[in-house]
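Chain by chain, the residues:
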Amino acid sequence: MRPHPECGLCMMKWVYERVGNSLSEEQHFSILKKITAAFASEAEPSMNMGILCNRSVAAVQDFLLASSGAYAPLKRKSNEAAAQVIGKAKKFIENSATPAEAFVKACGLAAVANVAPIGVPSAPFEFTMVEDIIDGKVPLPVPSGDIYGAASKARNVFYVADNAGEIGFDSLVISFLKKMGAKVTLAVKEGPFFDDATLEDARTFGIERIADAVHAVKGGIFVPEETDKELALLFEKSALVISKGTGNFEVFKGYGKGKPVLFLLKAKCGPVSKEARTPQGEFIVRLEQ
């Protein structure tokens, strides 16, 4: 996805607020100068948003460790909140007439679990809408495209995770893919990295025992040509990409490298809403070739 004009201010604010959440006023000024300098030298209208985000985060790498550590309690409580719902979610998925229906349910719950705000979270993530769907109070998101057909044909799937907590619902999709006979590689962040899912969060839900490989992306968001050689090769071998959340949508929208991409997310802002052709605030389960 290319940057929209308002994306620049939003991204700088995203990095500034998250990195500066526990630092001094002097350090705040230093962070602001580093981010704006990086943005001024790197930003281009045709640039991939994921690359721009990684450049902005790299500019304040010195402050990243201290600020990210503050998210540990929030992530732990978010994982606990998800764990309380996982059992009900599994039964909801299993109570399906066909494998296709079950896969649509798993993907729908994973998309609806994408509840992290664009701004700094003020409280652990809650998954009340997931529970409402399970209880029949609200409908699942309607998928766009033959998502089950694409998944059933893919022998190698590359799954890019987003946040802690919601990664528990990603595990349900990954489990289903494994039942379908696919090899699954899961990409998470190298920790600590704000409220994003890391290897530790994946282990909380036993994903290292489900997926064929779980890799940590160094330096921020996964971008195919900017990652390490091993992970780049696994991406290259994949026949289907599953992109979770806003940041990964910004990487893969219009940038699937010839691969079908299944997007699972909430349209949380105007630019994403425009790019996805979906009203802001709605959840997206969409296959794009």
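Residues numbered from 1 in each chain as written. Predicted model: local features only at pLDDT ≥ 70, side-chain atom pairs only at ≥ 80, totals over all residues. Heavy atoms only, no water.

### Some thoughts on unusual backbone geometry
In step 1: With an omega of -5 degrees, the peptide bond running from Gly-191 to Pro-192 counts as cis.
In step 2: Locating Pro-192 in the fold gives a position in the loop between strand S2 (183-189) and helix H10 (199-204).
In step 3: Unlike most non-glycine residues, Phe-194 shows phi in positive territory, near 55 degrees.
In step 4: A residue is classified by how much of its surface remains accessible, and Phe-194, at 1% relative accessible area, is buried. (Helix = DSSP H or I, 4+ residues; strand = E, 2+ residues; numbered from the N terminus. Buried < 20%, exposed > 50% of the residue type's maximum accessible area, 1.4 Å probe, protein only.)

### A short note on the pairing of strand S1 (residues 156-160)
In step 1: With respect to burial, S1 is a largely interior element, four of its five residues being buried.
In step 2: After leaving S1, the chain enters helix H9 (residues 167-179) and then returns to the sheet as S2, a path that is right-handed.
In step 3: Direction of pairing for S1 relative to strand S4 (residues 240-244): parallel, over a ladder of four bridges. In the strand pairing of S4, Tyr-159 is matched with Ile-242. (Right-handed = clockwise from strand over helix to strand, strands pointing away. Pairing = 2+ DSSP bridges.)

### Re the pattern of salt bridges
In step 1: Following the criterion strictly, the structure yields 15 salt bridges and no others.
In step 2: The salt bridge partner of Glu-17 is Lys-13, with a shortest N-O separation of 2.9 Å. In this pair, Glu-17 and Lys-13 are both assigned in helix H1 (residues 5-19), four residues apart and thus about one turn of the helix distant.
In step 3: Two residues, Asp-212 and Lys-178, come together in a salt bridge whose shortest N-O distance is 2.7 Å. Here Lys-178 lies in helix H9 and Asp-212 lies in the loop between H10 and strand S3 (213-217), a separation of 34 residues in the sequence.
In step 4: Judged by relative accessible area, Asp-212 falls into the partly exposed class, the value being 43%.
In step 5: One salt-bridge network, held together by shared partners, links Glu-42, Arg-55 and Glu-226. (Salt bridge = Lys/Arg side-chain N within 4 Å of Asp/Glu carboxyl O.)

Coordinates in, geometry out; function isn't part of it.
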